[in-house]
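The residues making up each chain are set out below.
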Amino acid sequence: MQTKYHNHADKIILVAEDEDLNYLLIQEIFKKNKVKLIRAKTGRQVIDIFKENSNIDLILMDIKMPEINGYEATRIIKEIRDVPIIAQTAYAMAGEENKSKKAGCDEYITKPININKIRSIVEKYLNR
Ligand SMILES: [Mg+2]
């Protein structure tokens, strides 16, 4: 089956991810879209980078991160600007989806990442 890749060379995704292997996977998933990725390794970093870059189109937000967790970072960022935020959590537990909605996340996905799912969600927001 052939997947169609939209060219997103003009788009920027801020990836909040403290674990290198998870970040490498995300890089691989979006390589063909040519989208620009910026990485943050802590909740504090994702807030700081977002404040310094007014042109970020979307945030992939790991929930379990050092310093400030993804929910708290989402709350702070959403007060600055309503950028789409997709939460990623390793906990496939009831309640997490609710927590992510309460924090202001637009979408919620569980790890391990389903490649087709993350692609289609990101496409949906980048094409708006
Ligand atoms: Mg993490």
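Parameters at a glance
Residues numbered from 1 in each chain as written. Predicted model: local features only at pLDDT ≥ 70, side-chain atom pairs only at ≥ 80, totals over all residues. Heavy atoms only, no water. Donors = N, O, S within 2.8 Å, 3.2 Å for Na, K, Ca; no water. Helix = DSSP H or I, 4+ residues; strand = E, 2+ residues; numbered from the N terminus. Pairing = 2+ DSSP bridges. Axes fitted to C-alpha atoms, helices over the stretch in contact; angles between N-to-C directions. Contact = heavy atoms within 4.5 Å.

Caption draft 1: Highlighting the coordination of the magnesium ion. Protein-derived ligands of the magnesium ion are D18 (OD), D62 (OD) and K64 (O), with the metal-ligand distances lying across 2.0 to 2.2 Å. Every donor residue of the magnesium ion comes from the same chain, spaced as D-x43-D-x1-K. With D18 in the loop between β1 (12-16) and α1 (20-30) and K64 in the loop between β3 (58-62) and α3 (70-80), the pair connects residues that are 46 residues apart, well separated along the chain.

Caption draft 2: Here's a closer look at the sheet that holds strand β5 (residues 107-110). Strand order in the open sheet formed by 5 strands is β2-β1-β3-β4-β5, with parallel pairing between adjacent strands. The open sheet has two edge strands with one neighbour each: β2 (36-40) and β5. Adjacent strand axes in the sheet meet at a mean angle of 20°, parallel and antiparallel pairs treated alike. With 4 bridges connecting them, strand β4 (residues 85-89) and β5 associate as parallel partners. Among the inter-strand pairings, I86 is bridged to a residue of β5, identified as E107. Against the sheet, helix α2 (residues 43-52) engages β1, β2 and β3, with an angle of about 135° to β2.

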